[in-house]
Amino acid sequence: MSEDIKIESSWGNKLQDEFQKKYFTELTAFVREQYHTKVIYPSEKDIFKAFDACPFDNVRVVIIGQDPYHGAGQANGLCFSVQDGITQPPSLKNIFKEIASDLGKPTPKSGNLERWAEQGVLLLNATLTVEANTPGSHQKKGWEIFTDAVIKKISDEKEHVVFILWGAYAQKKGQIIDAKKHHVLQSAHPSPFSAYNGFFGNKHFSKTNAYLKSVGEKEIDW
């Protein structure tokens, strides 16, 4: 990461205090050293892409992932999303299968989910960087503290946000959400290992839209 955190201005204002904390200074030094010495994903300019693509005031839905993809050219800074032209990973394929079953929409050619982000879906990984071919390599370095602060900020300062929590990891991370003023949807993870244990058939996409409509918000074009 460069000396100045390059993040969309509304998030920069909301998270200013976080950037001054000791853990974040240490995290920044760790990440910077990693980019200089190893192959790290996503590209440095895309570390905060989830925030850049979805300013704070626009957030209407939050989907929580775990790590960025660790294969070459896959990660683009949005959870579950891949760059245009990249083969869709299994979890993403299953997400599109559920959308097809839930809403009758055809599977898109591209797995790039920026179009969701532009509609107010914050696609937030708990850890924002990863070493190539080494899943979990940047966990417990400070990213999780930072993304907890992001979730808490949304929970505290906004209302009527839909939080989509797939799998035990996301559900645990979502425990700080105030469920009285937000809508929390939980199910199994879309990974092939768990999709048949409750992800398929969860209808989270139609449920999200029904809730948004009920509070006077525009539906998401999934």
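A quick note: this is a predicted structure, and the numbers were derived from the prediction, not measured.

Enquirer: Quick rundown of the pattern of salt bridges? Include the residues and the values.
Expert: Scanning the entire structure with this criterion turns up 12 salt bridges. A salt bridge links K105 to D221; its shortest N-O distance comes to 2.7 Å. In this pair, K105 sits in the loop between helix 5 (90-103) and helix 6 (114-117) while D221 sits in the segment after helix 9 (204-214), placing the two residues 116 residues apart along the sequence. Residue D221 is classed as partly exposed on the basis of its relative accessible area, which comes to 44%. A salt bridge links D148 to K173, with the shortest nitrogen-to-oxygen separation between them at 2.7 Å. You can see D148 sitting in helix 7 (residues 143-157) and its partner K173 sitting in helix 8 (residues 167-173), a full 25 residues away along the chain. By relative accessible area, which is 30% here, D148 ends up partly exposed. When salt bridges with common partners are traced through the structure, they connect K45, D46, K49 and E114 into a single cluster.

Enquirer: So what's going on with the environment of N58? Which residues, and what values?
Expert: By the element assignment, N58 lies in the loop between helix 4 (49-53) and strand 2 (61-65). On the basis of relative accessible area, N58 is assigned to the partly exposed category, the value being 37%. Sequence-wise, N58 and V39 are 19 residues apart; in three dimensions their C-alpha atoms are separated by 32 Å. Look past the residues within four positions of N58 in its chain and what remains in contact with it is G120 and K158.

Enquirer: Explain the layout of surface pockets to me, using residue names and the numbers behind them.
Expert: The space that makes up the largest pocket amounts to roughly 510 Å³. Looking at the lining of the largest pocket, the elements with two or more residues in it are strand 2, helix 5 and helix 8. Residues belonging to the lining of the largest pocket are distributed by class as follows: 16 nonpolar, 14 polar and one charged. Counted as a void, the second largest pocket has a volume near 200 Å³. Taken together, Q139, K140, E144, D148, Y169, K172, K173, Q175 and I176 make up the full set of residues lining the second largest pocket. Those elements giving two or more residues to the lining of the second largest pocket turn out to be helix 7 and helix 8.

Enquirer: Please give an account of unusual backbone geometry that cites residues and values.
Expert: Each neighbour pair has its own omega, and for Y41 with P42 the value is -5 degrees, a cis peptide bond. Note that P42 resides in the loop between strand 1 (40-41) and helix 4. The phi angle at K203 is positive, at roughly 55 degrees, despite the residue not being glycine. With respect to the helices, strands and loops of the structure, K203 is situated in the loop between strand 6 (183-187) and helix 9.

Enquirer: Tell me about the side chain of S187, and please be specific about residues and values.
Expert: Along the chain, S187 turns up in strand 6. Once residues lying within four places of it in the same chain are set aside, the contact partners of S187 are L165, W166, G167, Q171, G198, F199, N202 and H204.

Calculation notes
- Residues numbered from 1 in each chain as written.
- Predicted model: local features only at pLDDT ≥ 70, side-chain atom pairs only at ≥ 80, totals over all residues.
- Heavy atoms only, no water.
- Salt bridge = Lys/Arg side-chain N within 4 Å of Asp/Glu carboxyl O.
- Helix = DSSP H or I, 4+ residues; strand = E, 2+ residues; numbered from the N terminus.
- Buried < 20%, exposed > 50% of the residue type's maximum accessible area, 1.4 Å probe, protein only.
- Contact = heavy atoms within 4.5 Å.
- 1 Å grid on protein atoms, 1.4 Å probe; cavity = no way out; pocket = protein on both sides within 12 Å on 5 of 7 lines; lining within 4 Å.
- Points joined across faces, edges and corners; volume = space filled by probe spheres on them.
- Nonpolar A, V, L, I, M, F, W, Y, C, P; charged D, E, K, R; others polar.

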